[in-house]
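# Structure at a glance
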Amino acid sequence: MPGLSDNEAIAREGGLHRTLGKRQITMIGLGGAIGTGLFMGSGIAIGYAGPAVLLSYLIAALIAVIMVFSLSEMAVVHPTAGSFGTYAEIYLGPFAGFLIRYTYWIQQVLLIGSEAIAIGTYMRFWFPEVPIWLSAIGFSGALLWLNSRPVRNFASVEYWLTVIKVTAIVLFIIVGGSRILGLTGPSTGLHNVIGLPGGFMPNGFSGVWMGVLMALFSFLGLEFVVATAGEAENPREAIPAALRTMAARLFLFYILALFIILAFMPWTQAGAKVVTQSPFVRMFGAAGIPYAADAMNFVVAVAALSAMNTSLYLASRMLFSLSRGGYAPALFGKLSAGGVPLAATLLSGACVLLAGSLAMLTPLAYNYLFGVALFGGILTWASILASHMVFRRRHAAGDLPVKMPFFPAAQLLGLGLLAAITATMAFDHEFWDVAVLAGGPWCVFVAIVYRLWAVRRGRVAASATIAN
């Protein structure tokens, strides 16, 4: 049974400085969601599905939209830093809140590690002799320092990092689209999309479905916005608006950008199972435009840096929420003079450094890290949909400022698709099964830890009662 009321959830996680506006929140969300999933991981998705990767992203986008609307309803009622972790505690029970928050915390740590490794890969474009792990650790340390500063400093840096990559994507779409239409030179047409051997779907629907795995990873981050609710000036207005804006922009950015890559060069050149270079950079390199590949490599590096920055912010707030709920040491629930959970940030950053160091051990470090992170993302999204179904039973739809259409059919569809994706990962022995092989034991481990914690907490409470 739930052990936390609505008002208790908000009051328990108070103290964070409410200085973030709607524009900053939107940019923070975009910063987290537009990272290596688009600029680097899309190459893996193209390798699976070919031009039909566009269908893969449409399927993933459908799940994302269902999750976003469900999350929006709950966010306006519960503007807390623990966000979906707190919602799981309120509507699914204390253990669910414990599991989701710790899973999401470790997911973000691993996700930041994969972004750091991606940056190390991008740096090899200019500095081929510098080891990937060295660049990964160096950039992780710099962002750890930034996140230890007051949130307004973090938000300002993240805003401009996101402006750079969003501007670059828009320009990429405009320039690429004009080239495809023949407005700035010979038209590339649609031959590479539908005219190559195998046609639009060279690897069949199985290839499209495998592409969904990577596409879903690309959309992870849409939920980032809700974690800013504890520091938003007007969360009831800003959070739903930012979520809707993000969902629309991400859909356009991903679909249009991938279409241009597929039209510009054969998918067999853009895709790869093990990505050593962004398909965006490869496309500009093939086009022969002077310094265009260098400029695009800078942009994709900024994108990864921005996603790392946002993920570290979110990881620290999730650990802060765990501490305030009594699920982690009290030290991690304390705030600095600038309103930052400093101890939670430092521990999260230290774990990120370890994750980034995995690049020293295997060239598949990026694949493994985002494979495990995807399991955490799927579990989180599933908990959001399940929490929302209970939420609706307690809150009349007519009283909600934001309403999810097609309830509960949409939520059941989303849960079914997430379950199918998880099953697909379990049976893929190339590298995706690492997600389930690591995720299953992790859930068992967390359950054991929770049981021990609950027993100890019960004994402490009993002792206090006897003493009184």
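None of these values were measured; they are calculated from a predicted model.

### Considerations on the overall build of the protein
- Broken down by element type, the protein carries 19 helices and zero strands.
- When the 468 residues of the protein are sorted by exposure, 59% land in the buried category.
- Of all intrachain contacts in the protein linking residues separated by at least 6 positions in sequence, the fraction that spans at least 24 positions is 82%.
- Here the protein displays about 17500 Å² of accessible surface, and carbon together with sulfur accounts for 69% of that area.

### Some remarks on the pattern of salt bridges
- Within this structure, the stated rule accounts for two salt bridges.
- Here R392 and E73 are joined by a salt bridge, their closest N and O atoms 2.8 Å apart. Taken together, the positions of R392 in helix 17 (residues 365-394) and E73 in helix 5 (residues 53-77) put the pair 319 residues apart, joining distant regions of the chain. By the burial criterion, R392 is buried, and E73 matches it.

### Considering helix 6 (residues 83-92)
- Within helix 6, nine of the 10 residues are buried, leaving the element largely enclosed by the surrounding structure.
- For helix 6, the complete set of buried residues consists of S83, F84, G85, T86, Y87, A88, E89, I90 and Y91.
- Remark: G93 follows helix 6 within two positions and exhibits a positive phi of approximately 115 degrees.

### A short note on the packing of helix 8 (residues 132-147) against helix 15 (residues 292-324)
- Where helix 8 meets helix 15, the axes come as close as 10 Å, and the angle between the chain directions of the two elements is 50 degrees. Considering the angle they form, helix 8 stands oblique to helix 15. Between helix 8 and helix 15 the crossing geometry is right-handed. Along its contact with helix 8, which presents F139, S140, L143, L144, L146 and N147, the element helix 15 presents L305, M308, N309, L312 and Y313.
- A per-class count over the contact of helix 8 with helix 15 returns eight nonpolar, three polar and no charged.

### Remarks on a nonpolar patch on the surface
- A surface patch of nonpolar side chains, about 590 Å² in accessible area, is lined by L55, L58, M201, F205, F251, L252 and L256.
- Of all the secondary-structure elements, those providing two or more residues to the nonpolar patch are helix 5 and helix 12 (235-264).
- The biggest single contributor to the nonpolar patch is helix 12, with three residues.
- Positionally, L55 belongs in helix 5.

### Quick look at unusual backbone geometry
- Following F407, the chain continues to P408 via a peptide bond in cis, the omega torsion being 0 degrees.
- Mapping P408 onto the fold places it in the loop between helix 17 and helix 18 (409-426).

### Here's the deal with the environment of L62
- Relative to the helices and strands, L62 resides in helix 5.
- Residue contacts for L62: discarding those within four places in its chain leaves L413 and L417.

### Thoughts on the packing of aromatic side chains
- Evaluation of the coordinates by the stated rule reveals 13 aromatic pairs.
- Look at F84 and Y104: their rings are 4.7 Å apart centre to centre, the planes differ by 75 degrees, and that puts the pair in the edge-to-face class. With F84 in helix 6 and Y104 in helix 7 (residues 94-123), the pair connects residues that are 20 residues apart, well separated along the chain. Grouping residues by exposure puts F84 and Y104 together as buried.
- Three or more aromatic residues joined by ring pairs make a cluster, and in this case those are F95, F98, Y102, Y327, Y450 and W453.

### Section: helix 8
- Look at helix 8: 23 Å from first C-alpha to last across 16 residues, which is about the 22 Å you get at 1.5 Å a residue.
- Those residues of helix 8 lying buried are S135, A136, S140, L143, L144, L146 and N147.

### Remarks on the nonpolar core
- Grouped together as the largest cluster of nonpolar side chains are 115 residues, with contacts concentrated most on Y57, L216, L374 and W381.
- Of all the elements, helix 7 adds the most residues to this core, at 15 residues.
- Residues in contact with W381, not counting those within four places in the same chain, are I63, A64, M67, L216, F219, L220, E223 and L418.

Cut-offs applied
Residues numbered from 1 in each chain as written. Predicted model: local features only at pLDDT ≥ 70, side-chain atom pairs only at ≥ 80, totals over all residues. Heavy atoms only, no water. Helix = DSSP H or I, 4+ residues; strand = E, 2+ residues; numbered from the N terminus. Buried < 20%, exposed > 50% of the residue type's maximum accessible area, 1.4 Å probe, protein only. Contact = heavy atoms within 4.5 Å. Areas by Shrake-Rupley, 256 points an atom, 1.4 Å probe, with all protein chains shown as cover. Salt bridge = Lys/Arg side-chain N within 4 Å of Asp/Glu carboxyl O. Axes fitted to C-alpha atoms, helices over the stretch in contact; angles between N-to-C directions. Parallel < 35°, antiparallel > 145°, perpendicular 65-115°, else oblique. Left-handed = near helix turned anticlockwise from the far one by under 90°. Nonpolar A, V, L, I, M, F, W, Y, C, P; charged D, E, K, R; others polar. Patch = residues over 30% accessible without salt bridge, like charges linked within 9 Å, V, L, I, M, F, W, Y side chains within 5 Å. Phe/Tyr/Trp six-rings, centres within 6.5 Å; stacked < 30°, edge-to-face > 60°. Expected span 1.5 Å × (residues − 1). Core = buried A, V, L, I, M, F, W, Y, C linked by side-chain atoms within 4.5 Å.

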